[in-house]
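# Coordinate analysis (summary)
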Amino acid sequence: MSISGTVGSIQQIMWKDAGVDGDAQRISQLVWMVFLKVFDDSEAERELLDDTYKSPIPTRLRWRTWAKNPEGITGDALLDFVNNDLFKTLKELPVTGKSAAIASVVRSVFEDAFNYMKSGQLLRQVVNKLNDIDFNKATDRHQFGDIYETILSDLQSAGNAGEFYTPRAVTKFIVEMLDPQLGEKFFDPACGTGGFLTSAIEHVRKKYVKSAKDEEKLQSSIFGVEKKQLPHLLCVTNMLFHGIEVPSNIQHDNTLSRPLRDYGPADRVSVIGSNPPFGGMEEDGIEKNFPSTFQTRETADLFLLLFLTLLKPGGRAGIVLPDGTLFGEGVKTRIKERLLEEANLHTIVRLPKGVFNPYTGIKTNLLFFTKGEPTKEVWFYEHPYPEGAKNYSKTKPLRIEEFAPEKKWWNKRKENEQAWRVSIEDIKARGYNLDIKNPRALDDGPGDPEALLAEYRGATAEVARIQALLRDQLNAALKGAR
């Protein structure tokens, strides 16, 4: 059976299980098992090269011990083993000795993981299907890597989990324009499933890695932090897929929970590529980690301040932000003023609506800036839909090929029908409103009725999502006040 057929069979088996409810749980269930299988295959390869290697996982819990035999433990006995031995032990795995770094990775992966399946027989069927894949076999690894990308993109329709996936075309374009060099520390403080990190790995490996020593340098220069359990698990597994042998630089934490003043020179990085969650609010008290004049609970705003703090002089960033940040006032204005004073915001690529469909229809922008000198002018580039298209969708997403005009224009900039520039004086006169329309855009009327209806539905859904978020926050605040 093909790799895609194997994954399809696994999904069908999971749908039969009463404990797996929805896409997010199905993905989470699949990935912790994929992680253990990938980890075991990578250990098998390492053992061939290093006779002294000792796994941090106890022998009874290694995939090869309990999972490889198709006639092995099943039913209630398998459920009891997974729930009361495997998970319990890996959540408390000692982080000591020679294998401390990799033990820490395993422990962090299982820290908040959960076995959703309630049927031991169905769980055994899934395990047996996974054993059909050999992650040390180049063809299997490549094919599953493509399917893994599809699994990640499924997050876009998995409720709120969609916020953790950035379209591959966006991460790849941003990384290509940032052009991280070998040895430069590349960081994503809100790394989600690791899209920016894997794009950076592929870019540097293809362009600059020429020796084993170069590869070692690359492995130690990729850093990420993710707050939520599911995307963190996906990210760590993604790192293993992309050849990061010990992904200990992928932390399960909230970078916003550390006071801004506590970051020092040792924390500075050369390159940041990131898509901070937008439309979300941080928990009470997080804003206190930031200077009083910039305090807000809006996640994207806080991350923008963090990016400015983390970049070393001359460091560069490429990030995704919603339109609301560009035209927002109050705290948003003060944050933009600081950005333009401390960094050269040289480019804003304005994306059309629908890039993040079906998770959200909000218009987004790609901001590129270099820290260390103030902004004198900002170049804007309006990215159009491909010819004949009126929106993006899950089946017709944004493609990397569409960025070819931007790439050609990037180093030889001239104003044209898609590109224009605005001086810092004009931006200040606008009250730091960066929501600047294309002066050459043609007014082609109200637009296609179907597209307008889809846009209305998207906006309505977004309003409902924000209302639900605010209602939950209000209820929590009232509950806490009692």
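The present account deals with the structure reproduced in this document. (Residues numbered from 1 in each chain as written. Predicted model: local features only at pLDDT ≥ 70, side-chain atom pairs only at ≥ 80, totals over all residues. Heavy atoms only, no water.)

## Regarding the environment of arginine 62
Residue placement: arginine 62 occurs in the loop between helix 2 (23-49) and helix 3 (63-66). Assessed through its relative accessible area of 12%, arginine 62 is described here as buried. With 22 residues separating them along the chain, arginine 62 and aspartate 40 place their C-alpha atoms 7.0 Å apart. Arginine 62 has contacts with Asp40, Glu43, Glu47, Ser55 and Ile57, leaving out every residue within four places of it along the chain. Side chain to side chain, arginine 62 and glutamate 47 meet in a polar contact 2.7 Å long. (Helix = DSSP H or I, 4+ residues; strand = E, 2+ residues; numbered from the N terminus. Buried < 20%, exposed > 50% of the residue type's maximum accessible area, 1.4 Å probe, protein only. Contact = heavy atoms within 4.5 Å. Polar contact = N/O pair within 3.5 Å; in protein donor to acceptor, adjacent residues only side chain to side chain.)

## Comments concerning the packing of aromatic side chains
The full count for this structure, using the stated rule, is 18 aromatic pairs. Residues phenylalanine 303 and phenylalanine 307 carry aromatic rings whose centres are separated by 6.0 Å and whose planes lie at 35° to one another, so their mutual orientation is tilted. Of the two residues, phenylalanine 303 and phenylalanine 307 both sit in helix 12 (residues 299-310), four residues apart, roughly one turn of that helix. Judged by relative accessible area, which is 0%, phenylalanine 307 ranks as buried. Plain terms: the ring middles of tyrosine 381 and tryptophan 409 are 5.1 Å apart, the flat faces sit at 55° to each other, and that makes the pair tilted. In this pair, tyrosine 381 sits in strand 8 (residues 377-382) while tryptophan 409 sits in helix 15 (residues 404-410), placing the two residues 28 residues apart along the sequence. In this pair, the class of tyrosine 381 matches that of tryptophan 409, namely buried. Pairwise contacts between aromatic rings join Phe173, Phe368, Trp379, Tyr381, Phe403, Trp409 and Trp410 into one cluster. Over the aromatic face of phenylalanine 223 sits the side chain of lysine 185, whose NZ or CZ is 4.3 Å from the ring centroid. (Phe/Tyr/Trp six-rings, centres within 6.5 Å; stacked < 30°, edge-to-face > 60°. Lys NZ or Arg CZ within 6 Å of the ring centre and 35° of its normal.)

## Brief notes about the sheet that holds strand 6 (residues 343-350)
Taking strand neighbours across the sheet as the criterion, the nine strands line up as 3-2-1-4-5-7-6-8-9 in an open arrangement whose pairing is mixed. Because the sheet does not close on itself, it has two edges, and the strands there are strand 3 (250-252) and strand 9 (419-423). Across the sheet, the mean angle from the axis of one strand to that of its neighbour is 15°, orientation sign disregarded. Across the sheet, helix 11 (residues 229-241) is in contact with strand 2 (222-226) and strand 3; its angle to strand 3 comes to roughly 160°. (Pairing = 2+ DSSP bridges. Axes fitted to C-alpha atoms, helices over the stretch in contact; angles between N-to-C directions.)

## Brief notes about the pairing of strand 2
Counted residue by residue, strand 2 has four buried out of five residues, so it is predominantly covered. Sheet topology places strand 1 (residues 186-188) next to strand 2; three bridges connect them, and they run parallel. When the sheet's bridge partners are listed, phenylalanine 186 is paired in strand 2 with isoleucine 222. Looking at chain direction, strand 2 and strand 3 are connected through three bridges and run parallel. Bridge assignment links glutamate 226 to a residue of strand 3, and that residue is histidine 252. Considered for its hand, the β-α-β crossover made up of strand 2, helix 11 and strand 3 is right-handed. (Right-handed = clockwise from strand over helix to strand, strands pointing away.)

## Section: the pattern of salt bridges
Counted under the stated rule, the structure contains 22 salt bridges. The salt bridge involving arginine 421 is made with glutamate 415; its shortest N-O contact spans 3.8 Å. For arginine 421, a relative accessible area of 44% gives the class partly exposed. Classification of glutamate 415 by relative accessible area gives partly exposed; the value is 38%. Within the structure, one salt-bridge network assembled from shared partners comprises Asp40, Glu43, Glu47, Arg62 and Arg64. (Salt bridge = Lys/Arg side-chain N within 4 Å of Asp/Glu carboxyl O.)

## Observations concerning the nonpolar core
Judged by nonpolar contacts, the single largest core of 89 residues is most densely connected at Phe35, Leu36, Leu86, Phe110 and Leu366. A per-element tally of this core places helix 2 first, with 10 residues. (Core = buried A, V, L, I, M, F, W, Y, C linked by side-chain atoms within 4.5 Å.)

## A word on the packing of helix 4 (residues 75-91) against helix 5 (residues 100-110)
Axis separation between helix 4 and helix 5 bottoms out at 7 Å; the angle between their running directions is 120°. As summarised for this structure, helix 4 and helix 5 are arranged oblique, according to the angle between their axes. On helix 5, the residues that touch Phe87, Leu90 and Lys91 of helix 4 are Val106, Arg107 and Phe110. When the residues that make up the contact of helix 4 with helix 5 are grouped by side-chain class, the tally is four nonpolar, no polar and two charged. (Parallel < 35°, antiparallel > 145°, perpendicular 65-115°, else oblique. Nonpolar A, V, L, I, M, F, W, Y, C, P; charged D, E, K, R; others polar.)

## Quick notes on unusual backbone geometry
One non-glycine residue, aspartate 179, lies in positive phi territory at about 50°. Relative to the helices and strands, aspartate 179 is located in the loop between helix 8 (168-178) and strand 1. Not every positive phi belongs to a glycine, and tyrosine 432 is a case in point at roughly 65°. Relative to the assigned elements, tyrosine 432 resides in the loop between helix 16 (424-429) and helix 17 (449-481). With a relative accessible area of 12%, tyrosine 432 lands in the buried category.

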